[in-house]
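In case you want the letters, here they are:
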Amino acid sequence: MAGIISNFQDRVKTSSNAISLLLFKVLTGLFLGLTLALIGDAIIDYGWFSFVLVIVVTVGACLKVMRSWTWLHVFIFNLICVLIGLLLRMYILIAPG
């Protein structure tokens, strides 16, 4: 009986870790997709359907790329994205005109 309970606890731990990692990857893809959709909307001024389509395609592409990534890989990717965003913000603030 103790073996069954231990096996169940291990499966719950593994499943919850996998589900939370998947949700974190989806959240990362949503932020990246929303950013790209807002940039595209500001440049091209497309409609609501294209806005949502860009977000969905970006989330799908991120999930495809991040399929085998662990927590550390996703954290490093998020850090790089934040640093690139800060670099672009600094360029926009400093750029003449």
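These figures come from a predicted structure and were not determined experimentally. Numbering of residues starts from 1 in each chain and follows the order in which that chain's sequence is written. Totals for whole chains, interfaces and linings use all residues, but because this is a predicted model, local features are given only for residues with pLDDT of at least 70 and pairs of side-chain atoms are given and counted only at 80 or more. Working from all heavy atoms in the structure, the side-chain values ignore hydrogens and water.

S.K.: Outline the packing of helix α1 (residues 2-44) against helix α2 (residues 48-65), listing residues and values.
M.R.: Note on method: axes are straight lines fitted to C-alpha atoms, helices fitted across the in-contact stretch only, with angles between N-to-C directions ranging 0 to 180 degrees. Secondary structure is summarised from DSSP: a helix means a run of H or I of at least four residues, a strand means a run of E of at least two, and numbering begins at the N terminus for each. For the pair α1 and α2, the least separation of the axes is 8 Å and the interaxial angle reads 140°. With respect to α2, the element α1 is oriented oblique. Of the two possible hands of crossing, α1 and α2 adopt the one that is right-handed. Contact residues: α1 offers Leu 22, Lys 25, Val 26, Gly 29, Leu 30, Leu 32, Gly 33, Leu 34, Leu 36, Ala 37, Leu 38 and Asp 41, while α2 offers Phe 51, Val 54, Ile 55, Thr 58, Val 59, Cys 62 and Leu 63. In terms of residue class, the contact of α1 with α2 is built from 14 nonpolar, 3 polar and 2 charged. By definition in this entry, angles of less than 35 degrees are roughly parallel, angles greater than 145 are roughly antiparallel, angles of 65 to 115 are roughly perpendicular, and the rest are oblique. We call a crossing left-handed when the near helix sits turned anticlockwise from the far one by less than a right angle, and right-handed when that turn is clockwise. Residue contacts are counted whenever heavy atoms from the two residues lie within 4.5 Å of one another. Three classes are used, and their members are as follows: Ala, Val, Leu, Ile, Met, Phe, Trp, Tyr, Cys and Pro are nonpolar, Asp, Glu, Lys and Arg are charged, and the others, Gly among them, are polar.

S.K.: Any details on the confidence of the model for the protein? Residues and values, ideally.
M.R.: Note that predicted coordinates carrying low pLDDT should not be read in detail. With 99% of its residues at a pLDDT of 70 or more, the protein has an overall mean of 92. Per-residue pLDDT, averaged within each element of the protein, yields its smallest value for α1 (91) and its largest for α2 (96). By definition, pLDDT measures how confident the predictor is in each residue, and it falls between 0 and 100.

S.K.: Could you give an account of the side chain of Thr 28, naming the residues involved and the relevant values?
M.R.: Tracing the sequence through the fold places Thr 28 in helix α1. By relative accessible area, which is 7% here, Thr 28 ends up buried. Identification of polar contacts relies on pairs of N or O atoms within 3.5 Å, with a donor-acceptor requirement for protein atoms, meaning one able to donate a hydrogen and the other able to accept it, and with residues adjacent in sequence counted only if both atoms are side-chain atoms. Here the side chain of Thr 28 touches Phe 24 through a polar contact of 2.9 Å, landing on its backbone oxygen. Not counting residues within four places of it along the chain, the set of residues in contact with Thr 28 comprises Met 66, Val 74, Phe 77 and Asn 78. Residue exposure (1.4 Å probe, protein chains only): buried if accessible area is under 20% of the type maximum, exposed if over 50%, otherwise partly exposed.

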